[in-house]
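Close look at the chain arrangement
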Amino acid sequence: MTTVTPTASTPVQAKGVPAEARPSRRRSARRRSTPLTIAMLAVLAYFLLPLFWLLIASTKSTQDLFNSFGLWFSHAPQLLSNIKATFTQDDGVFGRWLLNTVLYAGVSALGAALLAAAAGYGFAKYRFRGHGAAFNLVLGAIMIPTTALAIPTYLLFAKAGLVNTPWAVILPSLISPFGLYLMRIYAEDAVPDSLIEAARMDGAGEFRIFTTIALRLLAPGLVTVVLFTLVATWNNYFLPLIMLNDPNLYPITVGLSSWAAQAQNGGAGASSDMLALVVTGSLISIIPLVLAFLLLQRYWQSGLATGGVKQ
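Let me begin by describing the structure that accompanies this report. Quantities reported herein were computed from a predicted structural model and do not represent experimental measurements. (Residues numbered from 1 in each chain as written. Predicted model: local features only at pLDDT ≥ 70, side-chain atom pairs only at ≥ 80, totals over all residues. Heavy atoms only, no water.)

Right, let's get into the overall build of the chain. Secondary structure assignment for the chain yields 17 helices and zero strands. Within the span of the chain, comprising 311 residues, buried residues form 34% of the whole. In the chain, the share of contacts with a sequence separation of at least 24, taken over all contacts with a separation of at least 6, comes to 72%. (Helix = DSSP H or I, 4+ residues; strand = E, 2+ residues; numbered from the N terminus. Buried < 20%, exposed > 50% of the residue type's maximum accessible area, 1.4 Å probe, protein only. Contact = heavy atoms within 4.5 Å.)

Structure below.
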């Protein structure tokens, strides 16, 4: 009887691991290349460097902003005093701007997500006359810049008497063509037709099906639209600028811009540290957005379909 002795040229199969699988693992290990890692670190630095500069600059006075190295602390950091001065400047108007921004962005994000979910669900699960033309109109609306609609929107709201009110900022932000498109694509797969038919056979109406079943299944898509609209409304500058003329109604973007204009022009109420307050206010303004992403990002990865079916 002839016995075969394994040699260096004879592949030896490890226990439970096919011999042909090992080269693929070696190839996958080789894909983790050093140039790719360096490129990823460069991209990470590109996105984080402005935030790092903002954090450092918020600890400086206006004089230190111009006289010290931009990416490191000055000899006398004063972050807490800058934050206190920001909230006390002009009788604490910054706190009102912050609350206004939370109101505008929060109501707009929730309203836009619900409207986009209802419209997207309707386009995905119902067929009606003009279905294709209406959806193509939505796709065309995505291509229109929001700044191009600002002046017509102002004229319309001026006729309705809504200029210089919170509704002048909230109502235009409720319309999100991109959110509708996203929810329509998501609803096609997230809401099974068989589940809708089963609910209809049990006697549920269309509105009840949408509110009790479809909304649960669309939750990850809803969170995505909420975050997109939240960021867009939070950072919106041009629309509030032309709609509002009362400083007590300003959002953070317009309010900080007015402070920056005062600092540059030396207008009434301007102080020597006004630029430092603008930088510190900018740092404070991004904290709610960061918290929103950290709290809601898990819903992007979680599939809530199981919970919806169990209901």
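Right, let's talk about the layout of surface pockets for a bit. By volume, the largest pocket amounts to about 800 Å³. As for the largest pocket, its lining consists of 23 residues, and the residues nearest its centre are T146, P172, I175, S176 and P177. Going through the elements one at a time, α6 (131–142), α7 (150–160), α8 (167–173), α9 (177–190), α12 (219–234) and α13 (238–243) are the ones with two or more residues in the lining of the largest pocket. If one sorts the elements of the lining of the largest pocket by residue count, α12 sits on top with five residues. Its residues placed into classes, the lining of the largest pocket shows 14 nonpolar, nine polar and no charged. (1 Å grid on protein atoms, 1.4 Å probe; cavity = no way out; pocket = protein on both sides within 12 Å on 5 of 7 lines; lining within 4 Å. Points joined across faces, edges and corners; volume = space filled by probe spheres on them. Nonpolar A, V, L, I, M, F, W, Y, C, P; charged D, E, K, R; others polar.)

Most peptide bonds are trans, and most residues other than glycine sit at a negative phi. Even without glycine at this site, D90 takes up a positive phi of about 55°. One can find D90 in the loop between α4 (79–88) and α5 (93–125). Even without being glycine, N164 reaches a positive phi, approximately 65°. By the secondary structure assignment, N164 is in the loop between α7 and α8. What makes N164 partly exposed here is its relative accessible area of 25%.

On to the packing of aromatic side chains, then. In this structure the tally under the stated criterion is 11 aromatic pairs. With 6.3 Å between their ring centres and 25° between their planes, F94 and W259 make a pair best called stacked. Of this pair, F94 sits in helix α5 while W259 sits in helix α14 (residues 252–265), placing them 165 residues apart in sequence. Taking the centre distance of 5.9 Å and the plane angle of 80° together, the rings of Y121 and Y126 count as edge-to-face. Of the residues examined, Y121 reaches a relative accessible area of 4% and is grouped as buried. (Phe/Tyr/Trp six-rings, centres within 6.5 Å; stacked < 30°, edge-to-face > 60°.)

Below, the discussion takes up the pattern of salt bridges. Here the structure, examined in full by the defined rule, presents four salt bridges. Notably, a salt bridge pairs D193 with K125, separated by 3.0 Å at the nearest N-O pair. With D193 in helix α10 (residues 193–201) and K125 in helix α5, this pair connects stretches of sequence that are 68 residues apart. Beyond isolated ion pairs, a larger network of salt bridges with shared partners links E197, R200 and E206. (Salt bridge = Lys/Arg side-chain N within 4 Å of Asp/Glu carboxyl O.)

This next bit is on the nonpolar core. Within the largest apolar cluster, 55 residues are counted, with the highest numbers of intra-cluster contacts made by Y121, L218 and W259. Broken down by element, this core gets its largest block of residues, 12 residues, from α5. (Core = buried A, V, L, I, M, F, W, Y, C linked by side-chain atoms within 4.5 Å.)

Turning to empty space enclosed by the protein, a few remarks are in order. Within the structure shown, the criterion is met by one cavity of 30 Å³ or more. Here the largest cavity defines a volume of roughly 40 Å³. In terms of lining, the largest cavity is formed by T101, Y104, A105, V169, T233, W234, N236, P240 and P251. Every element with two or more residues in the lining of the largest cavity is listed here: α5 and α12. Looking at the lining of the largest cavity, its residues break down into six nonpolar, three polar and no charged.

The subject of this paragraph is the packing of helix α2 (residues 34–57) against helix α15 (residues 274–296). For the pair α2 and α15, the least separation of the axes is 8 Å and the interaxial angle reads 125°. It follows from the interaxial angle that α2 and α15 lie oblique. Once α2 is placed against α15, the crossing between them reads as left-handed. Counted together, L51, L54, L55 and A57 of α2 and V279, S282, L283 and I286 of α15 form the full contact between these two elements. Class assignment for the residues of the contact of α2 with α15 results in seven nonpolar, one polar and no charged. (Axes fitted to C-alpha atoms, helices over the stretch in contact; angles between N-to-C directions. Parallel < 35°, antiparallel > 145°, perpendicular 65-115°, else oblique. Left-handed = near helix turned anticlockwise from the far one by under 90°.)

Moving on: a nonpolar patch on the surface. Where nonpolar side chains cluster on the molecular surface, the patch consists of L41, V43, L44, Y46, F47, L48 and L51 and spans about 750 Å² of accessible area. Tracing the backbone through its elements, the reader meets F47 in helix α2. (Patch = residues over 30% accessible without salt bridge, like charges linked within 9 Å, V, L, I, M, F, W, Y side chains within 5 Å. Areas by Shrake-Rupley, 256 points an atom, 1.4 Å probe, with all protein chains shown as cover.)

Looking at the element boundaries, S108 is found in helix α5. When residues no more than four places from it in sequence are discounted, the contact partners of S108 are V169, I170, S173, L174, T229 and T233.

That is the geometry; function is a separate question.
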